[in-house]
Amino acid sequence: MSKRWLALALAVAALRTPAADTCGGFPRLDVSTPRGMCAAVLADGFKFPRGIQPLPNGDLVVVDMRNWEPNRGSVWRLKLVDGRYQRDQLLNRLDRPNGIVLGPDGMLYVGLVHRVIRFHPDHPDKVEDVIGDLPGVGRHLLTTMRFDARGDLFVNVGSASDHCEGKDGKAPAPTQPCAEAEGPQALGVIRQYKMVQGKAVGWENYATGLRNSQAMAIHPVSGALWQADNARDFIQAAMPGLANDNELPHDELNLIQRGANYGWPYCYDDNRASPEYPHANCKPYALPKRLLPAHAAPLGMTFYTGDKFSAYKHSLIIGFHGYREHGHRLVAILPDRNGAPLGKMYELIGDWGPKDKQAMGAPVDVKQGADGYIYLVEDRTGRVVRLQADK
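Worth saying up front: this structure is predicted, and the values here are computed from it rather than measured. (Residues numbered from 1 in each chain as written. Predicted model: local features only at pLDDT ≥ 70, side-chain atom pairs only at ≥ 80, totals over all residues. Heavy atoms only, no water.)

A.B. asks: Help me out: how do you make sense of the pattern of salt bridges in this one?
C.D. replies: Side chains that carry opposite charge are capable of pairing whenever their charged atoms lie near each other. In total, this model carries 26 salt bridges according to the counting rule given. Here Arg-72 and Glu-69 are joined by a salt bridge, their closest N and O atoms 2.9 Å apart. Salt bridges linked by common partners bring Arg-139, Asp-162, Arg-211, Asp-233, Asp-245 and Arg-324 together as one network. (Salt bridge = Lys/Arg side-chain N within 4 Å of Asp/Glu carboxyl O.)

Rendered as structure tokens:
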């Protein structure tokens with residue numbers, strides 16, 4: 001090769017090098033993605049981001065819980081200016097804010113401990129209470145919600161315990177029911193709130209026996225509610241011979257039916273009796289539609305209806321938050337012939353484990369933007385990420 005062509009080749013290589021480090025003009029996240037996709041870091045520096053809501057105009061609203069201390073959370077609006085997202089704080093001093101959704105009224109609904117509030121993104125000074133009677137106790141006190149097609153609101157009420165253990169770590173006697181899972185004020189349920197002009201006028205326990213329903217999504221065609229349940233921990237403590245719980249029990253993907261009970265804490269996996277309740281009759285409980293990897297910890301999911309990723313049209317996109325082997329990734333479950341998310345599962349973001357200069361990712365909320373791309377927040381490094389076409 002002549003010196004002239006060598007110089008030209010080196011110049012071209014130099015021009016291409018920065019592109020390999022960018023994705024849509026933003027820093028490229030060092031992860032694996034399917035061919036033709038890349039993950040862009042749109043913003044970082046958040047303390048503990050848990051929720052994201054893309055707005056129709058392209059702005060992003062991010063919920064930052066900050067930490068587990070009360071009244072330290074905030075809500076931020078990110079606006080694209082000259083190729084970079086500028087952030088503006090909308091609300092602060094919130095009690096562990098987590099979920100966020102855009103209501104059919106154009107208002108933003110934010111889930112706090114004990115309550116749900118709403119405000120217009122252009123008028124954050126006018127905050128209204130929507131729900132104020134959530135239990136918010138124990139291990140799973142964070143609030144996530146989804147609107148159904150009629151405008152009513154599904155709200156998760158997580159269990160206070162892992163498997164109904166008391167302060168001494170022991171579960172009730174095998175013949176005794178789990179008090180927190182029973183009755184009209186039961187925990188480990190999904191409530192449905194009847195909404196009238198942005199106010200809750202009544203509620204019911206729509207489904208019960210669900211340990212922690214952080215991940216919920218409404219099917220875009222059927223309108224059905226799907227839920228990914230975070231299964232229990234420490235099952236090995238009651239199962240002699242089981243070295244650890246790395247692969248047991250599985251997390252679950254459930255099709256939520258009104259009035260159904262899904263078995264927590266009495267049963268796990270495909271309705272097997274929990275070791276603390278060896279004589280439990282699991283037949284009456286609703287079976288999961290699919291078992292997910294153990295301790296994947298799904299905390300956010302959405303059905304994909306955009307056109308940017310045609311291979312994944314109507315797939316269920318789930319963020320696996322877990323710190324163990326099956327977590328720290330984003331997956332898509334393809335629809336089956338009936339449109340249910342029961343087809344093959346593909347990895348959209350993988351290899352998000354610890355690397356040189358990069359900590360492990362822990363995705364939480366997952367939403368689709370008006371541009372057809374996938375937006376997510378992850379709370380381990382405080383990043384806002386967009387999965388997009390690799391141009």
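What follows picks up the thread again.
A.B. asks: Looking at this model, I keep getting lost on the confidence of the model for the chain. Mind explaining?
C.D. replies: Close reading of the predicted structure is inappropriate where its pLDDT is low. On average, residues of the chain carry a pLDDT of 94, and 94% of them reach 70 or more. In this model residues 1-19 is a low-confidence stretch, pLDDT under 50, and it forms two contacts with partners more than four residues away in sequence or in other chains. (pLDDT = per-residue confidence, 0-100. Contact = heavy atoms within 4.5 Å.)

A.B. asks: How should I be thinking about the side chain of Asp-95 in this particular structure?
C.D. replies: Tracing the backbone through its elements, the reader meets Asp-95 in the loop between strand 7 (84-94) and strand 8 (100-102). When near neighbours in sequence (up to four residues on either side) are disregarded, Asp-95 contacts Pro-70, Asn-71, Leu-112 and Val-113. (Helix = DSSP H or I, 4+ residues; strand = E, 2+ residues; numbered from the N terminus.)

A.B. asks: Whenever I open this one, the state of the cysteines confuses me. Can you help?
C.D. replies: Joining two cysteines, a disulfide is a covalent bond between their sulfur atoms. This structure, assessed with the given rule, holds three disulfides. Sulfur-sulfur distance for the disulfide between Cys-164 and Cys-178 comes to 2.0 Å. Where Cys-164 bonds to Cys-178 through sulfur, the torsion about that S-S bond is close to 100 degrees, and the disulfide is right-handed. Linking Cys-164 in the loop between strand 13 (153-157) and strand 14 (189-196) with Cys-178 in the loop between strand 13 and strand 14, this pair joins segments that are 14 residues apart in sequence. Both residues of the pair, Cys-164 and Cys-178, count as buried. (Disulfide = S-S within 2.5 Å. Buried < 20%, exposed > 50% of the residue type's maximum accessible area, 1.4 Å probe, protein only.)

A.B. asks: Can you walk me through the environment of Arg-118 in this structure?
C.D. replies: Inspection of the secondary structure assignment puts Arg-118 in strand 10 (residues 116-120). Residue classification places Arg-118 among the buried positions, given a relative accessible area of 10%. Here the alpha-carbon distance between Arg-118 and Pro-34, two residues 84 residues apart in the chain, equals 37 Å. Excluding residues within four positions of it along the chain, Arg-118 makes contact with Asp-105, Met-107, Leu-108, Tyr-109, Lys-126, Val-127, Glu-128, Val-130, Gln-197 and Gly-198. Looking at Arg-118, its side chain comes within polar contact range of the side chain of Tyr-109, at 3.3 Å. A polar atom in the side chain of Arg-118 sits 2.8 Å from the side chain of Glu-128. (Polar contact = N/O pair within 3.5 Å; in protein donor to acceptor, adjacent residues only side chain to side chain.)

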